[in-house]
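# Observations on the model geometry
Chain by chain, the residues:
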Amino acid sequence: MTEPVSAPRTARERARAELTAEIVETARTHLAAEGAAGLSLRAVARDLGMVSSAIYRYFPSRDDLLTRLIIDAYNALGEATEAAESEVKRSDLRGRWFAIVHGARGWALQNPQQWSLIYGSPVPGYVAPPDTVGPASRTTGLLIAILADLHARGDVAARRVPRSVHAALAPVRTAMPPEVTDDLVVRGLMAWTAMVGTISLEINGQFHNVIADMDEYYDHVMERTAEALELG
(Lines give C-alpha, C1' and ligand atoms only; values in the text may rest on other atoms or scores of the structure.)
Protein backbone atom coordinates (compact mmCIF):
# COMPACT_ATOMS: atom_id res chain seq x y z
CA MET A 1 0.00 0.00 0.00
CA THR A 2 1.43 3.36 -1.01
CA GLU A 3 1.79 5.88 1.80
CA PRO A 4 -0.13 9.10 1.17
CA VAL A 5 2.05 12.01 0.22
CA SER A 6 1.59 14.98 2.53
CA ALA A 7 0.87 18.28 0.87
CA PRO A 8 3.82 20.68 0.71
CA ARG A 9 3.73 23.48 3.25
CA THR A 10 2.78 26.91 2.06
CA ALA A 11 5.18 29.83 2.27
CA ARG A 12 3.21 31.15 5.23
CA GLU A 13 3.44 27.81 7.03
CA ARG A 14 7.17 27.63 6.40
CA ALA A 15 7.66 31.17 7.65
CA ARG A 16 5.63 30.42 10.78
CA ALA A 17 7.66 27.26 11.47
CA GLU A 18 10.93 29.15 11.03
CA LEU A 19 9.90 31.99 13.33
CA THR A 20 8.61 29.52 15.91
CA ALA A 21 12.01 27.81 15.87
CA GLU A 22 13.72 31.20 16.32
CA ILE A 23 11.50 32.01 19.28
CA VAL A 24 12.29 28.69 20.92
CA GLU A 25 16.03 29.04 20.32
CA THR A 26 16.05 32.57 21.71
CA ALA A 27 14.07 31.38 24.71
CA ARG A 28 16.75 28.75 25.36
CA THR A 29 19.34 31.52 25.44
CA HIS A 30 17.25 33.39 28.01
CA LEU A 31 16.83 30.16 29.94
CA ALA A 32 20.61 29.88 30.27
CA ALA A 33 20.93 33.49 31.41
CA GLU A 34 17.91 34.03 33.63
CA GLY A 35 16.63 30.55 34.41
CA ALA A 36 13.13 29.21 33.82
CA ALA A 37 11.52 31.46 36.43
CA GLY A 38 12.91 34.53 34.67
CA LEU A 39 11.68 33.60 31.20
CA SER A 40 9.75 36.50 29.63
CA LEU A 41 7.86 36.56 26.35
CA ARG A 42 8.42 40.31 26.10
CA ALA A 43 12.19 39.90 26.47
CA VAL A 44 12.26 37.14 23.85
CA ALA A 45 10.21 39.30 21.47
CA ARG A 46 12.54 42.24 22.04
CA ASP A 47 15.61 40.17 21.14
CA LEU A 48 13.91 39.06 17.93
CA GLY A 49 12.88 42.58 17.00
CA MET A 50 9.21 41.73 17.34
CA VAL A 51 6.50 43.75 19.01
CA SER A 52 5.42 41.96 22.16
CA SER A 53 1.87 41.44 20.89
CA ALA A 54 3.14 39.50 17.85
CA ILE A 55 4.81 36.74 19.86
CA TYR A 56 1.48 35.85 21.47
CA ARG A 57 0.30 34.57 18.09
CA TYR A 58 2.89 31.82 18.45
CA PHE A 59 2.86 31.25 22.20
CA PRO A 60 -0.24 32.64 23.98
CA SER A 61 1.54 32.70 27.35
CA ARG A 62 4.90 32.24 29.00
CA ASP A 63 3.72 28.85 30.24
CA ASP A 64 3.03 27.72 26.66
CA LEU A 65 6.59 28.62 25.69
CA LEU A 66 7.93 26.96 28.82
CA THR A 67 5.97 23.81 28.00
CA ARG A 68 7.50 23.75 24.51
CA LEU A 69 11.00 24.04 26.01
CA ILE A 70 10.26 21.26 28.50
CA ILE A 71 8.86 18.94 25.84
CA ASP A 72 11.84 19.61 23.58
CA ALA A 73 14.25 18.90 26.44
CA TYR A 74 12.55 15.63 27.40
CA ASN A 75 12.49 14.52 23.76
CA ALA A 76 16.15 15.39 23.24
CA LEU A 77 17.10 13.44 26.36
CA GLY A 78 14.89 10.57 25.21
CA GLU A 79 16.55 10.51 21.80
CA ALA A 80 20.00 10.38 23.41
CA THR A 81 19.18 7.56 25.82
CA GLU A 82 17.14 5.56 23.31
CA ALA A 83 19.92 5.76 20.72
CA ALA A 84 22.50 4.57 23.26
CA GLU A 85 20.32 1.78 24.64
CA SER A 86 19.32 0.49 21.20
CA GLU A 87 22.95 -0.39 20.45
CA VAL A 88 23.04 -2.98 23.24
CA LYS A 89 21.89 -6.58 22.99
CA ARG A 90 18.42 -7.02 24.56
CA SER A 91 19.60 -9.79 26.89
CA ASP A 92 22.41 -7.62 28.27
CA LEU A 93 20.45 -5.86 31.00
CA ARG A 94 23.53 -4.43 32.67
CA GLY A 95 24.79 -3.10 29.35
CA ARG A 96 21.43 -1.48 28.66
CA TRP A 97 21.47 0.18 32.09
CA PHE A 98 24.94 1.63 31.50
CA ALA A 99 23.93 2.83 28.04
CA ILE A 100 20.98 4.70 29.55
CA VAL A 101 22.89 6.31 32.40
CA HIS A 102 25.84 7.33 30.22
CA GLY A 103 23.53 8.59 27.51
CA ALA A 104 21.68 10.70 30.08
CA ARG A 105 24.82 12.12 31.66
CA GLY A 106 26.43 12.86 28.30
CA TRP A 107 23.35 14.78 27.18
CA ALA A 108 23.09 16.61 30.51
CA LEU A 109 26.70 17.78 30.43
CA GLN A 110 26.16 19.16 26.93
CA ASN A 111 22.81 20.73 27.84
CA PRO A 112 22.96 21.69 31.53
CA GLN A 113 20.27 24.37 31.34
CA GLN A 114 17.82 22.01 29.67
CA TRP A 115 18.60 19.29 32.21
CA SER A 116 17.97 21.75 35.04
CA LEU A 117 14.72 22.80 33.37
CA ILE A 118 13.30 19.27 33.58
CA TYR A 119 15.02 18.03 36.77
CA GLY A 120 15.68 21.23 38.70
CA SER A 121 13.54 23.34 41.00
CA PRO A 122 9.88 23.76 39.96
CA VAL A 123 9.02 27.04 38.30
CA PRO A 124 6.73 29.03 40.63
CA GLY A 125 3.17 29.06 39.35
CA TYR A 126 3.82 26.66 36.47
CA VAL A 127 1.84 23.42 36.23
CA ALA A 128 3.02 21.00 33.56
CA PRO A 129 0.19 19.96 31.21
CA PRO A 130 -0.50 16.35 30.13
CA ASP A 131 1.43 17.05 26.89
CA THR A 132 4.67 16.65 28.83
CA VAL A 133 3.94 13.14 30.10
CA GLY A 134 4.78 11.25 26.90
CA PRO A 135 8.14 12.95 26.31
CA ALA A 136 9.01 12.68 30.01
CA SER A 137 8.35 8.92 29.87
CA ARG A 138 10.80 8.16 27.07
CA THR A 139 13.87 7.64 29.27
CA THR A 140 11.98 6.22 32.24
CA GLY A 141 10.33 3.78 29.85
CA LEU A 142 13.74 2.30 29.08
CA LEU A 143 14.28 1.57 32.76
CA ILE A 144 10.79 0.11 33.10
CA ALA A 145 11.58 -2.24 30.22
CA ILE A 146 14.72 -3.39 32.04
CA LEU A 147 12.69 -4.05 35.20
CA ALA A 148 10.16 -6.09 33.21
CA ASP A 149 12.94 -8.11 31.57
CA LEU A 150 14.63 -8.55 34.94
CA HIS A 151 11.41 -9.95 36.40
CA ALA A 152 10.95 -12.24 33.39
CA ARG A 153 14.44 -13.63 33.93
CA GLY A 154 13.10 -15.12 37.15
CA ASP A 155 16.27 -15.16 39.25
CA VAL A 156 15.88 -11.93 41.20
CA ALA A 157 15.32 -12.05 44.94
CA ALA A 158 12.08 -10.36 46.01
CA ARG A 159 12.03 -8.55 49.32
CA ARG A 160 8.69 -8.02 51.03
CA VAL A 161 7.40 -4.45 50.84
CA PRO A 162 5.15 -3.15 53.67
CA ARG A 163 1.51 -2.47 52.84
CA SER A 164 2.01 1.24 53.44
CA VAL A 165 4.74 1.33 50.80
CA HIS A 166 2.61 -0.72 48.41
CA ALA A 167 -0.10 1.92 48.78
CA ALA A 168 2.44 4.71 48.28
CA LEU A 169 3.54 3.11 45.00
CA ALA A 170 0.02 3.20 43.52
CA PRO A 171 0.63 6.14 41.13
CA VAL A 172 3.87 4.78 39.68
CA ARG A 173 2.46 1.26 39.42
CA THR A 174 0.02 2.48 36.77
CA ALA A 175 3.03 2.85 34.44
CA MET A 176 4.49 -0.55 35.36
CA PRO A 177 3.74 -3.99 33.94
CA PRO A 178 1.53 -5.61 36.60
CA GLU A 179 3.86 -8.59 37.00
CA VAL A 180 6.77 -6.44 38.20
CA THR A 181 7.00 -6.81 41.97
CA ASP A 182 6.81 -3.90 44.41
CA ASP A 183 10.37 -4.66 45.43
CA LEU A 184 11.61 -4.20 41.87
CA VAL A 185 9.60 -1.00 41.54
CA VAL A 186 11.29 0.36 44.67
CA ARG A 187 14.72 -0.65 43.43
CA GLY A 188 13.97 0.90 40.06
CA LEU A 189 13.00 4.18 41.71
CA MET A 190 16.18 4.08 43.80
CA ALA A 191 18.22 3.53 40.65
CA TRP A 192 16.48 6.40 38.89
CA THR A 193 17.08 8.63 41.90
CA ALA A 194 20.77 7.70 41.94
CA MET A 195 21.16 8.60 38.27
CA VAL A 196 19.16 11.85 38.27
CA GLY A 197 20.48 12.95 41.66
CA THR A 198 24.14 12.35 40.83
CA ILE A 199 23.88 14.11 37.48
CA SER A 200 21.97 17.04 38.99
CA LEU A 201 24.48 17.54 41.79
CA GLU A 202 27.28 17.49 39.23
CA ILE A 203 25.49 19.94 36.92
CA ASN A 204 24.88 22.32 39.84
CA GLY A 205 28.51 22.20 40.99
CA GLN A 206 27.80 20.48 44.30
CA PHE A 207 30.66 18.01 43.78
CA HIS A 208 33.24 20.77 43.23
CA ASN A 209 36.16 20.20 45.65
CA VAL A 210 34.34 17.06 46.81
CA ILE A 211 34.96 14.56 43.99
CA ALA A 212 38.23 14.76 42.02
CA ASP A 213 37.15 12.56 39.10
CA MET A 214 33.44 12.59 38.29
CA ASP A 215 33.76 10.06 35.47
CA GLU A 216 35.20 7.46 37.83
CA TYR A 217 32.79 8.32 40.62
CA TYR A 218 29.71 8.22 38.39
CA ASP A 219 30.75 4.87 36.91
CA HIS A 220 31.21 3.45 40.39
CA VAL A 221 27.84 4.70 41.63
CA MET A 222 26.09 3.30 38.57
CA GLU A 223 27.94 -0.01 39.02
CA ARG A 224 26.79 -0.21 42.64
CA THR A 225 23.27 0.62 41.49
CA ALA A 226 23.42 -2.16 38.89
CA GLU A 227 24.40 -4.56 41.67
CA ALA A 228 21.44 -3.43 43.77
CA LEU A 229 19.17 -4.14 40.81
CA GLU A 230 20.85 -7.56 40.37
CA LEU A 231 21.55 -6.86 36.72
CA GLY A 232 24.48 -9.29 36.71
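The structure contained in this document is the topic of the report that follows. On a predicted model such as this, the values are computed, not experimentally measured, just so you know. (Residues numbered from 1 in each chain as written. Predicted model: local features only at pLDDT ≥ 70, side-chain atom pairs only at ≥ 80, totals over all residues. Heavy atoms only, no water.)

### A look at the pattern of salt bridges
Within the structure shown, the criterion is met by 15 salt bridges. With its nearest N and O atoms 2.9 Å apart, the salt bridge here joins Arg105 to Asp215. Within this pair, whereas Arg105 is found in helix 5 (residues 93-110), its partner Asp215 is found in helix 11 (residues 214-229), the two being separated by 110 residues in sequence. Under the relative-accessibility criterion, Arg105 is labelled buried at 8%. Between Asp155 and Arg153 there is a salt bridge, with its nearest N and O atoms 2.8 Å apart. (Salt bridge = Lys/Arg side-chain N within 4 Å of Asp/Glu carboxyl O. Helix = DSSP H or I, 4+ residues; strand = E, 2+ residues; numbered from the N terminus. Buried < 20%, exposed > 50% of the residue type's maximum accessible area, 1.4 Å probe, protein only.)

### A few points about the nonpolar core
Generally speaking, nonpolar side chains in soluble globular proteins are found buried as a group. Ranked by internal contacts, the top residues of the largest apolar core, which has 59 residues, are Leu65, Trp97, Met195 and Met222. Residue contributions to this core peak at nine residues, all from helix 10 (residues 182-203). Sequence-distant contacts of Leu65, that is, excluding residues within four places in its chain, are made with Ile23, Val24, Ala27, Leu39, Leu41, Val44 and Phe59. (Core = buried A, V, L, I, M, F, W, Y, C linked by side-chain atoms within 4.5 Å. Contact = heavy atoms within 4.5 Å.)

### Concerning unusual backbone geometry
Backbone geometry places Asn209, a non-glycine residue, at a positive phi of 65°. When you line up the elements, Asn209 lands in the loop between helix 10 and helix 11. Even without glycine at this site, Glu230 takes up a positive phi of about 60°. Counting through the fold element by element, Glu230 comes out in the segment after helix 11.

### Some points on helix 6 (residues 112-119)
Burial in helix 6 covers these residues: Gln114, Trp115, Leu117 and Ile118. Considered in projection along helix 6, the buried side chains sweep an arc of 155° and stay on one side of the axis. (Arc of directions from axis to C-beta.)

### Remarks on the packing of helix 7 (residues 133-153) against helix 10
Between helix 7 and helix 10, whose axes approach to 11 Å, the crossing angle comes to 140°. Considering the angle they form, helix 7 stands oblique to helix 10. Judged by the twist between their axes, the crossing of helix 7 over helix 10 is right-handed. Taking contact as the criterion, the partners of Thr139, Thr140, Leu143, Leu147, Leu150 and His151 in helix 7 are, on helix 10, Leu184, Gly188 and Trp192. Considered class by class, the residues forming the contact of helix 7 with helix 10 number five nonpolar, four polar and no charged. (Axes fitted to C-alpha atoms, helices over the stretch in contact; angles between N-to-C directions. Parallel < 35°, antiparallel > 145°, perpendicular 65-115°, else oblique. Left-handed = near helix turned anticlockwise from the far one by under 90°. Nonpolar A, V, L, I, M, F, W, Y, C, P; charged D, E, K, R; others polar.)

### Brief notes about the packing of aromatic side chains
The description of an aromatic ring pair uses the distance of the two centres, along with the angle that the planes make with each other. Tallied over the full model, the rule gives four aromatic pairs. Geometrically, the ring pair formed by Tyr74 and Tyr119 is edge-to-face, given 6.2 Å between the ring centres and 85° between the ring planes. Remark: Tyr119 occurs in helix 6 and Tyr74 occurs in helix 4 (residues 62-86); sequence separation between them is 45 residues. The class for Tyr74 is buried, based on a relative accessible area of 14%. Ring geometry for Tyr119 and Trp192: centres 6.2 Å apart, planes at 70°, overall edge-to-face. Highlighted residues: Tyr119 in helix 6 and Trp192 in helix 10, separated in sequence by 73 residues. Taking the relative accessible area as the measure of exposure, Trp192 reaches 16% and is therefore buried. Counting every residue linked through ring pairs, the aromatic cluster contains Tyr74, Trp115, Tyr119 and Trp192. We note Arg16 situated over the ring of Tyr58; from NZ or CZ to the ring centre the distance is 4.5 Å. Across the ring face of Tyr218, the terminal group of Arg105 is positioned such that the distance to the ring centre comes to 5.1 Å. (Phe/Tyr/Trp six-rings, centres within 6.5 Å; stacked < 30°, edge-to-face > 60°. Lys NZ or Arg CZ within 6 Å of the ring centre and 35° of its normal.)

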